[in-house]
Amino acid sequence: MNYVLHLLIMIGIYLILSYGLNLVVGFGGLLSLCHAVFYGIGAYTGTLLMIKAGLPFLPAIFLGMVITGLFALIVGLPALRFRGDSFVLVTLGFQMIVFTILYNWIDLTRGPYGIPGIPRPVIAGVEVTELYQYFILVSLFLVVIVAILFVVCRSPFGLALKALRDDEMAAEGLGKSPVHLFLYAFVISGMVASLAGGLYATYVTYIDPTSFTLDESIFLLAILLVGGTGNMIGPLVGTVFMILLPEALRFLGLPDTVAPNVRQMIYGLTLITLMFLRPQGIAGEFKLR
Amino acid sequence: MILLSQLLLNALVNAAIFSLLAVGFGLIYRSMRFFYIAYGAVYVIASYAVVAAMQISGFPLYLSIGAGVFLGVLAGVLMDRTVYLPLERSGATPGVLLIASLGLYILAVNAVALIFGNEVKILSRGIEPSFSLGPLVITRMQVIQFLVGWILVTGFWLIIRKNTLMKGIWAMGETPNLVTALGLPCGLMRLLVFALSSVFAGVASLVTALDVGIDPHVGMHALLIGAVAVIVGGVDVYWGWIGGASLLALLQGMAVWQFSSRWNDLITFGILIITLLFRPQGLFSPRKRREER
């Protein structure tokens, strides 16, 4: 039972991440490789605000989201001047730079030693320690985020993003500014990732920079590419597939030394196969360009 | 001052390796116009082929090196034939090629890790002999890296400078349709580009692996160095790639001098972002006319 709950919690956290990224990748049509940065900054700011500034859980998380949002603004301003390969490269560059900083700014982040003993969230006087409580907490946040994103995606803003994705010049001709709209999408996506980071940090109670590497960014992008983007079902399919696949392999009885490599090979093969057969992912509506 | 000179010397050696990586990546990026992530996989496969040949089959070193480069080339060409070529024929977009390439990289590197393990494999035994140049020290392996790198890069330029086929390959990056219309051997050129790119990746990989060993996950790093060098230097100029690679090596050396090698990635990707922002055509590329862009 605990095992199932743990899986559900992880799926919840990754759903928040992938729905956030969906706004940029699916609705904006931009392949971003720095989502793990926002996830990581959210985890670190949330944690440091709780440990060093002594803030309670909710204010720390929300302040973390604001800080991450500002950071997403700083990254987005230069990055969104590019499209295609260049955008991928610039976001990848920020991913590497932030990871280097998280890893080497030892005074603030304790670098490779990580931050242990992160306090559990306390909400309305109740300390969330049990797994089922955690599941409820993550589900609540997930429902709120999905509801907000659902509205955002149906709103004129979401439709304008889609228009920009499909034909930037035509949409611009209709008065939709790519600079502003993509930037809003990027910042919202960063803030949502930050929330997931805060939840992850307090759930695992230990963070170190290796959870927020380029590989993690690639993994998050792969979730969307496998599941599909541009609607609300794709990220769900992708997250469930990508999180449950390693667990399924565990039941096949693969030894622990080879399991991670086999898992990665399946991810790689899935990506190649999908590019041949369904470039929009299993349940997506947006075809990669 | 001695420290600075030593670091500059090391930077020259690194520049040779980075240049090899840049030329390998640049060849594909310039002529095919897609982002060849699986380049990192070729890099890894070449060195592991040497590991297999030397430590498992007991081949002598020189034969193993040949086997490594050959298998690297084979891997590069096979990836093209099985994935890129069919995808391009079906009219794939750059985004699709990028992701397929990423998938290939993940698949190949983890297959290597599955066979050989995730840990570092050491290829050379014992202590490397070193030479002193006054107060400076250079190891034998560094001399080899320096010579192999610079000779290959310069020699290649001398060969391709006046070569029609190479001019065709260059033209392929600008107007691929015209190349077919002119009756140039497109298939052969494609094969040649992938093979040559793999040779450069393989050689860079081997001279590095013989010095510090190899693990399956360094491929991404090698790819990124090559890609950043090409983009910083300028995609359209051969010596721009080399210039970009040398600049990276030099700045990384300076970073070691002033701070520590831990901050190398910050330098590499900082330069990348600054270049893309302020001089997107690359530092050593001539300014393009407006209608050419």
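Conventions adopted
- Residues numbered from 1 in each chain as written.
- Chains lettered and ligands numbered in written order.
- Predicted model: local features only at pLDDT ≥ 70, side-chain atom pairs only at ≥ 80, totals over all residues.
- Axes fitted to C-alpha atoms, helices over the stretch in contact; angles between N-to-C directions.
- Helix = DSSP H or I, 4+ residues; strand = E, 2+ residues; numbered from the N terminus.
- Parallel < 35°, antiparallel > 145°, perpendicular 65-115°, else oblique.
- Left-handed = near helix turned anticlockwise from the far one by under 90°.
- Contact = placed C-beta atoms within 7 Å.
- Nonpolar A, V, L, I, M, F, W, Y, C, P; charged D, E, K, R; others polar.
- Pairing = 2+ DSSP bridges.
- Buried ≥ 20, exposed ≤ 12 C-beta atoms within 10 Å, placed from the backbone.
- Arc of directions from axis to C-beta.
- pLDDT = per-residue confidence, 0-100.

Some thoughts on the packing of helix α2 (residues 39-56) of chain B against helix α4 (residues 94-116) of chain B
All names here are of chain B. In contact at an axis separation of 9 Å, α2 and α4 are set at 20 degrees when each is read in the N-to-C sense. Of the possible angle classes, the one that applies to α2 and α4 is roughly parallel. Considering only the axes of α2 and α4, their crossing is left-handed. Mapping the contact onto sequence places Gly40, Ala41, Val44, Ile45, Tyr48 and Val51 in α2 and Leu104, Tyr105, Ala108, Val109, Val112 and Phe116 in α4. Residue composition of the contact of α2 with α4, by class: 11 nonpolar, one polar and no charged.

A short note on the interface of chain B and chain A
With 30 residues of chain B at the contact, the number on the chain A side is 31 residues. Secondary structure elements with two or more residues in the side of chain B that touches chain A: α3 (61-89), α4 and α11 (264-278) of chain B. Sorting elements by how many residues they give to the side of chain B that touches chain A places α4(B) first, with 15 residues. Looking at the side of chain B that touches chain A, its residues break down into 23 nonpolar, five polar and two charged.

Structural notes on the pairing of strand β1 (residues 130-133) of chain B
It is a general feature of regular strands that their side chains alternate between the two faces of the sheet. All names here are of chain B. Sheet analysis places β1 next to strand β2 (residues 136-139), joined by four bridges and oriented antiparallel. The residue of β2 that forms the bridge with Ser130 is Thr139. Remark: two residues form the turn of the hairpin made by β1 and β2, two consecutive strands paired antiparallel; Gly134 in that turn has positive phi of roughly 65 degrees.

Things to note about helix α7 (residues 156-166) of chain A
Residues spaced three or four apart along an α-helix point in a common direction, a consequence of the helix completing one turn every 3.6 residues. Residue and element names in this part refer to chain A. By the burial criterion, the buried members of α7 are Ala160, Leu161, Leu164 and Arg165. Looking straight down α7, one finds its buried side chains confined to an arc of 145 degrees; they lie on one side. Looking at the buried residues of α7, the elements they touch are α1 (2-27), α8 (168-173) and α9 (178-204).

Description of the packing of α1(A) against α9(A)
Residue and element names in this part refer to chain A. At a minimum axis distance of 9 Å, the contact between α1 and α9 shows a crossing angle of 170 degrees. Between α1 and α9, the angle is such that the two are roughly antiparallel. The crossing of α1 and α9 is left-handed. Taking contact as the criterion, the partners of Ile9, Ile13, Ile16, Leu17, Tyr19, Gly20, Leu21, Leu23, Val24 and Phe27 in α1 are, on α9, Ala185, Phe186, Ile188, Ser189, Val192, Ala193, Leu195, Ala196, Leu199, Tyr200 and Tyr203.

Some details on the confidence of the model for chain B
Averaged over all residues, the pLDDT of chain B equals 86, while 98% of them reach at least 70. Reported confidence for the predicted complex is 0.87 by ipTM and 0.89 by pTM.

Section: the environment of B:Leu133
Residue placement: B:Leu133 occurs in strand β1. Separated by 127 residues in sequence, B:Leu133 and B:Gln6 place their C-alpha atoms 9.9 Å apart.

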